[in-house]
Protein chains: 2
Amino acid sequence: MLFPIPTAKTDFEARAKVMKSLAHPTRLMMIEELSRGERCVCDLRDLAGCDLSTVSKHLALLKDAGIVEDEKRGKQVYYRLRVPCVLNFFHCLDSVLTARDRLG
Amino acid sequence: MLFPIPTAKTDFEARAKVMKSLAHPTRLMMIEELSRGERCVCDLRDLAGCDLSTVSKHLALLKDAGIVEDEKRGKQVYYRLRVPCVLNFFHCLDSVLTARDRLG
DNA sequence: AGAACGCTTGGCCATATAGCCAAATAAATA
DNA sequence: TATTTATTTGGCTATATGGCCAAGCGTTCT
C-alpha cells in the first residue's frame with residue numbers, strides 16, 4: 001500500500017456490527033461454551049435457560065456476523081466457533097473491568 | 001485456585017456491558033482516534049460530525065464502561081484511552097470480516 | 001403416511017439506544 | 001460581574017433489540 005489508508009465510515013459500521021453481535025451476555029456465554037467444542041442448539045438452550053427460539057435467534061445473529069458456523073447432522077444443528085480470536089476479547093474485557101474497579 | 005471457577009452469569013453481564021460500549025461505529029471511530037493521543041470533546045465532534053451533545057454522551061458511556069478517562073484542563077475536557085488492549089479488537093474484527101467475506 | 005423431534009421464523013410487546021434541541025453548568029475572559 | 005466558550009444533562013422521538021408464544025419446516029422414527 002502506498003498510502004496509509006484512513007479507516008472509512010463503512011469500516012467502522014462493519015466492525016460495529018460484529019461487536020454488536022458479541023455485546024450480549026447470553027451470546028458471550030454461548031461463545032465461551034462453543035470454545036470447548038461444537039454444540040447443538042438444544043445444548044445451548046439448556047445452558048442459556050431461555051426459550052429455544054431465543055437461542056436460535058442469538059445463533060442466527062452470530063452466524064450472520066461471521067462468528068459461528070452451523071452444520072445440520074441428523075435432527076440436530078451443530079454450531080461451532082469460526083473465529084477463535086474473539087476469545088482473546090475476554091481477557092481484555094476482564095482487564096477493563098478490574099481496571100475500572102481499581103480506579104473507579 | 002482449587003476449582004476451575006465457572007464463569008457466572010453476572011460476569012457475562014459485566015463483560016457484555018463493556019462490549020456494548022464498544023458496539024457503535026462512532027465510538028469505535030473515537031477510540032481509534034484516541035489511540036493516537038488524548039483529544040478534547042470538540043476534536044471528536046469534528047471527527048464524528050454529529051451533535052456535540054451526542055459525542056458527549058458517547059464519551060460518558062465509554063467512561064462508565066471503563067474504556068476512557070477524562071481530565072478537565074482549562075475550558076476543555078480531554079479524553080484518553082485507559083485500556084489500550086481494546087485496540088487488539090480491531091485486528092480480530094477485521095479478520096472476522098474477511099473470513100466472513102471469504103466463505104459467505 | 002403419520003407422529004414426533006429439533007430448529008427456525010413471524011408476530012407481538014416491552015425496553016433500550018441514538019439522535020437532536022434546549023437548558024444548565026463550569027471555567028476563562030472582558 | 002457579565003459574557004463567551006466548552007461541555008454536560010434533560011427531554012423528547014424514532015428506531016433497534018430481546019424475549020416469549022405460536023406456527024412452519026425438514027428429518028427421523030414407527
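Look above for the structure.
Treat the numbers as computed from the prediction; the structure is a model and nothing was measured. (Residues numbered from 1 in each chain as written. Chains lettered and ligands numbered in written order. Predicted model: local features only at pLDDT ≥ 70, side-chain atom pairs only at ≥ 80, totals over all residues. Heavy atoms only, no water.)

Examining the overall build of chain A
Here is step 1 of the chain: Counting its secondary structure elements, chain A contains 5 helices and 3 strands.
Here is step 2 of the chain: Secondary structure elements in chain A, listed N-terminal to C-terminal, are α-α-β-α-α-β-β-α.
Here is step 3 of the chain: At 16 Å, chain A has a C-alpha radius of gyration far larger than the 13 Å of a compact globule built from 104 residues.
Here is step 4 of the chain: Over its C-alpha atoms, taken along the principal directions, chain A stretches across nearly 50 × 40 × 20 Å.
Here is step 5 of the chain: Counting every position in chain A, which comprises 104 residues, the buried fraction comes to 43%.
Here is step 6 of the chain: Sequence separation of at least 24 residues holds for 49% of the intrachain contacts in chain A that already meet a minimum separation of 6.
Here is step 7 of the chain: Surface exposure of chain A reaches about 5,800 Å², of which carbon and sulfur atoms provide 55%. (Helix = DSSP H or I, 4+ residues; strand = E, 2+ residues; numbered from the N terminus. Rg over C-alpha atoms; globule rule 2.2 N^0.38 Å. Buried < 20%, exposed > 50% of the residue type's maximum accessible area, 1.4 Å probe, protein only. Contact = heavy atoms within 4.5 Å. Areas by Shrake-Rupley, 256 points an atom, 1.4 Å probe, with all protein chains shown as cover.)

Details of the protein's contact with DNA strand C
Here is step 1 of the chain: Every one of the 24 residues lining DNA strand C counts as a neighbour, but S56(A), K57(A), Y79(A), T54(B) and H58(B) are closest to it.
Here is step 2 of the chain: When the atoms of DNA strand C within 4 Å of the protein are grouped by moiety, sugar and phosphate amount to 69% of the total.
Here is step 3 of the chain: At a separation of 3.0 Å, a phosphate oxygen of DNA strand C approaches a polar backbone atom of D51(B).
Here is step 4 of the chain: A distance of 2.6 Å is found between a phosphate oxygen of DNA strand C and a side-chain nitrogen or oxygen belonging to H58(B).
Here is step 5 of the chain: Breaking the surface near DNA strand C down by element, the ones donating at least two residues are α3 (41-48), α4 (52-65) and β3 (76-81) of chain A together with α4 (52-65) of chain B. (Near = heavy atom within 4 Å. Polar contact = N/O pair within 3.5 Å; in protein donor to acceptor, adjacent residues only side chain to side chain.)

Here's the deal with the sheet that holds strand β1 (residues 39-40) of chain B
All names here are of chain B.
Here is step 1 of the chain: The sheet built from 3 strands is open, its strands ordered β1-β3-β2 with antiparallel pairing. The sheet terminates laterally at β1 and β2 (68-73), the two strands that pair on one side only.
Here is step 2 of the chain: Summarising the sheet, β2 and strand β3 (residues 76-81) pair through 6 bridges and their orientation is antiparallel. By the bridge assignment for β3, V68 is matched with L81.
Here is step 3 of the chain: Helix-sheet contacts for helix α2 (residues 25-34) involve β1, β2 and β3, and the interaxial angle to β3 is about 90 degrees. (Pairing = 2+ DSSP bridges. Axes fitted to C-alpha atoms, helices over the stretch in contact; angles between N-to-C directions.)

Quick word on the sheet that holds strand β2 (residues 68-73) of chain A
Here is step 1 of the chain: Spatially, β1-β3-β2 (chain A) is the arrangement adopted by the 3 strands of the open sheet, whose pairing is antiparallel. Lying at the two open borders of the sheet, with one neighbouring strand each, are β1 (39-40) and β2 of chain A.

So, the nonpolar core
Here is step 1 of the chain: One finds M19(A), L22(A), I67(A), M19(B), L22(B) and I67(B) to be the most contacted residues of the largest nonpolar core, which totals 61 residues.
Here is step 2 of the chain: Sequence-distant contacts of I67(B), defined by excluding residues within four places in its chain, comprise V96(A), V18(B), S21(B), L22(B), I31(B), L62(B), R80(B), L81(B), R82(B), V83(B) and V86(B). (Core = buried A, V, L, I, M, F, W, Y, C linked by side-chain atoms within 4.5 Å.)

Here we look at the relation of the copies chain B and chain A
Here is step 1 of the chain: Its rotation angle being 180 degrees, the transformation that places chain B on chain A also includes 0.0 Å of axial translation and leaves an RMSD of 0.0 Å. What we have between these two chains is a two-fold relation.
Here is step 2 of the chain: Of the interface residues in chain B, 100% have counterparts in chain A that sit at the interface too, so the contact is made through matching surfaces. (Least-squares fit on C-alpha atoms with pLDDT ≥ 70 in both.)

Description of the state of the cysteines
Here is step 1 of the chain: In the structure shown here, the tally under the stated rule is 2 disulfides over all chains.
Here is step 2 of the chain: Sulfur-sulfur distance for the disulfide between C85(A) and C92(B) comes to 2.2 Å. An S-S torsion of about 75 degrees defines the bridge between C85(A) and C92(B) as right-handed. In this pair, C85(A) sits in the loop between β3 and α5 (87-103) while C92(B) sits in helix α5 (residues 87-103), so the two residues belong to two different chains.
Here is step 3 of the chain: Of all cysteine sulfurs, the one in C42(B) lies closest to C50(B), which takes part in no disulfide; the gap is 13 Å.
Here is step 4 of the chain: Overall, C50(B) belongs to the partly exposed group, its relative accessible area being 25%. (Disulfide = S-S within 2.5 Å.)

Some thoughts on the pattern of salt bridges
Here is step 1 of the chain: Counted according to the given criterion, the structure contains 28 salt bridges over all chains.
Here is step 2 of the chain: Of the charged contacts, one joins E69(A) and R82(A) as a salt bridge, the two residues approaching to 3.9 Å between their closest N and O atoms. Of the two residues, E69(A) sits in strand β2 while R82(A) sits in the loop between β3 and α5, which places them 13 residues apart along the sequence.
Here is step 3 of the chain: In this structure, E71(B) engages R80(B) in a salt bridge whose closest nitrogen and oxygen atoms are separated by 3.0 Å. (Salt bridge = Lys/Arg side-chain N within 4 Å of Asp/Glu carboxyl O.)

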